[in-house]
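Examining the three-dimensional arrangement
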Amino acid sequence: MGYEESFPPMDMKWHANATKRFASPFVDNPHDRIDVDPIILSHAAVACGYTIRDFYEKPELGIHCVGYISQLYDLLPVTHWFYSMPWTRELGLKLQYKETLPPISTGPILSEPGDVDKLRVMDKEELKKNFTQQEFYRIYDYVAKNLPMTLVPISYGFDLVGAAAELVGVENFIMWTFTEPEAAKKLVKIYTDTSVNGAAALADKYGMAMLIVGSVLANNDIFSDDAVEEYSAKMMRYYVDQAFRKGAGPQVFYHLCGNHETDYKVFKDNLIWSPFTVFHIGYKGKNVFPSKLLKEEYGQKATLMGSVDTKLMINPNPVSVYNQAKEQLLGGRDAPKGYILGNSCECPPYTLPGQMLALVKAARDFGTYGSW
Amino acid sequence: MDIKASDQVKETVAKRGLKVDDVMDVIKTAEGGNKKAVDKNTGKILAKKVINNVTVYADYNVEKGILKSHANVNSAYSHRMTLGKIVNATEPSNWTCAHCNAPAFLGTAEMTYMGVSRNGPAVVCPKCGDVWVEEYLATKTLAAAEGLFEKKKA
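Residues numbered from 1 in each chain as written. Chains lettered and ligands numbered in written order. Predicted model: local features only at pLDDT ≥ 70, side-chain atom pairs only at ≥ 80, totals over all residues. Heavy atoms only, no water.

1. Some details on the sheet that holds strand β6 (residues 82–97) of chain B
Residue and element names in this part refer to chain B. Heads up, the rule is: What makes two strands pair is DSSP finding at least two bridges between them. Helix numbering and strand numbering both begin at the N terminus, where a helix is a DSSP run of H or I of at least 4 residues and a strand a DSSP run of E of at least 2.
Strand order in this open sheet of nine strands is β1-β5-β4-β3-β2-β6-β7-β8-β9, and the pairing throughout is mixed. Both outer strands of the open sheet, β1 (2–5) and β9 (131–132), are each paired with one neighbouring strand and no more. Note: strand β2 (residues 37–39) against strand β3 (residues 45–51), two bridges, orientation antiparallel. Across the sheet, the residue bridging to V38 is I45, located in β3.

Okay, structure coming up:
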């Protein structure tokens, strides 16, 4: 029995409407309301009675849960599945599945800067036979067969700095940016080049590959603006440029999780903007990044995704979600190239359904096109 | 100027739904007005012309003879998006704007399709405002984007 037999068929009437809503910010074709993407991952599995571990260990089950539960909350009609360390197994890490967490690294790490010279970029053909790419092929083949209307093949560069740092230990990496910057840069470059080849391998098979790339570890809690630009923004540009050259794209989702209090400015002239780009920032200091500022700074660059604090999604007070979503919607809903309401990062696995309802209710109340 | 295209190039031109005569027109127009981008390392030339709402590009080299010059066409391609103003110029490129005799940059330009304007990557000349799209972007990224616009607009 396949996982598809555990789920009722998709509501195609819902899907048709959600598809029109999803298209609207990209083609200036206002539909019923602003779309909501709370970045659901393992919450979808939990909401269907499975575990966080199930979500990551059984990718086909996990991605079906995402497609299924999106109907309940009336979210984007597309499926996605990933964890934050793609390509790291290929570069030497062992990952361990946990009951309450995404897979974590158990090493071995490269503890000396000179060890970075032992790493090499894995080429596209090698990647096609290895773990991460095989996992992506499995889930997208599964979706193509069972939920084809939700298929968007996505390749994850994800957090180029953060995932690279895992290869040497995050503390070591941060230290190296001060003491061994060449080794730190070389490490990020090797990880990025491997991710580019992964995107190319996905595009080879499916004819396209949406790119998701972020700046998570590289944020103002840890790095200066200059360091964020050097290690992260420039490499994000490089990743998208190289991936485009190899046939991936044209959709790009830039995900800036963490505190981007002042470094948010360095991305503006470094990133590549395609006609289907979504730009998202999580926090400014301890607060969510204001959508009004996001619109002022990036509204002419791309479609924007505003943030509601993920902490509120597990806080037993739905109106706090509703009020913050309202504030963000009022600030960003008239962004010239479209706006989507989101969370500041992945919605927590144990997100409360009442909070999700509050998020979507705010979009219905304050995100209706023509009402502003 | 004589313009030559190999059978292989003619086959590519046909596969991409273009006409050899249009490609020749692009080259003649570019050479006549000196409106083109030149790769400073290889001498390769990139020229474009909007023909029937499609921007047609010719990628070619010029060989200067004693009496006349010859253009050898390396490739040709097109996109349906309309190029607009420059949004930014981000990093130096190998390209030079022949008209301005100034460096062209990798950057971002406005692109409009089916009435929708968004940004897209391009080679840009900040001096005269001219914009070009390289072959890999036109035939992959923008071609896919045009398909998405058509699907999402439907």
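2. Some words on the pattern of salt bridges
Residue and element names in this part refer to chain A. Under the convention used in this document: Only one rule defines a salt bridge in this text: a Lys or Arg side-chain nitrogen within 4 Å of an Asp or Glu carboxyl oxygen. Only protein chains enter the accessibility calculation, which uses a 1.4 Å probe. A residue is then buried if its area is under 20% of the maximum for its type, exposed if over 50%, and partly exposed in between.
Inspection of the entire model under this criterion finds 36 salt bridges over all chains. The partner of K128 in a salt bridge is E125, and the shortest N-O contact between them spans 3.3 Å. One end of the pair is K128 and the other is E125, both in helix α5 (residues 124–128) and three residues apart, which spans about a single turn. The class of E125 is partly exposed, set by a relative accessible area of 44%. A salt bridge links K295 to D334, with the shortest nitrogen-to-oxygen separation between them at 2.8 Å. Remark: D334 occurs in the loop between α12 (318–332) and β10 (339–343) and K295 occurs in helix α11 (residues 291–298); sequence separation between them is 39 residues.

3. Details of empty space enclosed by the protein
What counts is decided by this rule: In the cavity and pocket records, a cavity denotes points on a 1 Å grid over the protein atoms alone where a 1.4 Å probe fits but cannot get out, a pocket denotes an open set with protein on both sides within 12 Å along at least 5 of 7 lines, and lining residues are residues with an atom within 4 Å of a point. Grid points are joined across faces, edges and corners, and a volume is the space filled by probe spheres set on the points. Put simply, Ala, Val, Leu, Ile, Met, Phe, Trp, Tyr, Cys and Pro go in the nonpolar bin, Asp, Glu, Lys and Arg in the charged bin, and everything else, Gly too, in the polar bin.
Inspection of every chain in the model, using the stated rule, returns four cavities of 30 Å³ or more. Taken as a whole, the largest cavity spans an internal volume of roughly 110 Å³. Of all the secondary structure elements, the ones that give two or more residues to the lining of the largest cavity are α10 (225–245) of chain A together with β7 (102–113), β8 (116–124) and α3 (135–153) of chain B. Here the lining of the largest cavity is composed, by residue class, of nine nonpolar, three polar and three charged. As for the second largest cavity, its lining consists of A:V36, A:D37, A:P38, A:I39, A:I40, A:V66, A:S70, A:L75, A:L76, A:V78 and A:H80. For the lining of the second largest cavity, a count of residues per class yields eight nonpolar, two polar and one charged.

4. Considerations on the environment of A:V121
All names here are of chain A. Heads up, the rule is: Any two residues whose heavy atoms approach within 4.5 Å are treated as being in contact.
If you trace the backbone, V121 turns up in the loop between β3 (104–105) and α5. V121 sits in the partly exposed class, given a relative accessible area of 31%. Sequence separation between V121 and V196 is 75 residues; the distance between their C-alpha atoms is 9.9 Å. Not counting residues up to four positions away in its chain, the partners in contact with V121 are I190, D193, T194 and N197.

5. Looking at the interface of chain B and chain A
Put simply, the rule reads: Throughout, the accessible surface (probe 1.4 Å) given up by two parts as they are put together, summed over both, is called the buried area. Identification of polar contacts relies on pairs of N or O atoms within 3.5 Å, with a donor-acceptor requirement for protein atoms, meaning one able to donate a hydrogen and the other able to accept it, and with residues adjacent in sequence counted only if both atoms are side-chain atoms.
Taken residue by residue, the interface counts 25 residues in chain B and 30 residues in chain A. Carbon and sulfur atoms supply 56% of the area that chain B and chain A bury against each other, a total of about 2,300 Å² over both sides. Of all residues in chain B, the largest losses of buried area upon contact with chain A belong to B:R118, B:N119 and B:K152, amounting jointly to 31% of the total for that side. Inspection of the region where chain B meets chain A yields two salt bridges. Where B:R118 meets A:D28, a salt bridge forms, and the shortest distance between an N and an O atom there is 2.8 Å. Across the chain B-chain A interface, the total number found is 12 residue pairs in polar contact (both at pLDDT 80 or more). Of all the secondary-structure elements, those providing two or more residues to the side of chain B that touches chain A are β6, β7, β8 and α3 of chain B. Examining the composition of the side of chain B that touches chain A, we find that 11 residues originate from one element, α3(B), more than from any other. The class makeup of the residues in the side of chain B that touches chain A is 12 nonpolar, seven polar and six charged.

6. Observations concerning the domain arrangement of chain B
All names here are of chain B. Threshold: These domain boundaries are the output of an automatic or database domain assignment.
The domain boundaries assigned to chain B delineate domain 1 (2–79) and domain 2 (82–153). The interface is formed by 19 residues belonging to domain 1 together with 19 residues belonging to domain 2. On the domain 1 side of the contact with domain 2, K35, Y77 and H79 bury the most area, a combined 29% of that side's loss. Scanning the region where domain 1 abuts domain 2 turns up three salt bridges. Between K48 and D130 there is a salt bridge whose closest N-O contact spans 2.9 Å. Applying the counting rule to domain 1 against domain 2 returns 15 residue pairs in polar contact (both at pLDDT 80 or more). Secondary structure elements with two or more residues in the side of domain 1 that touches domain 2: β2, β3, β4 (54–64) and β5 (69–79). The greatest single-element share of the side of domain 1 that touches domain 2, amounting to four residues, is contributed by β5. When its residues are assigned to classes, the side of domain 1 that touches domain 2 shows five nonpolar, six polar and eight charged.

7. Side note on the pairing of β4(B)
All names here are of chain B. In terms of strand pairing, β3 meets β4 through seven bridges, oriented antiparallel. By the bridge assignment, K49 is partnered in β4 with V56. The hairpin turn running from β3 into β4, its antiparallel successor, is two residues long, and N52 in that turn takes a positive phi close to 50°. Here β4 pairs with β5 via 10 bridges, running antiparallel. From the neighbouring strand, E63 faces β5, where its bridge partner is H70. In this structure, the hairpin formed by β4 and β5 is closed by a connection of four residues.

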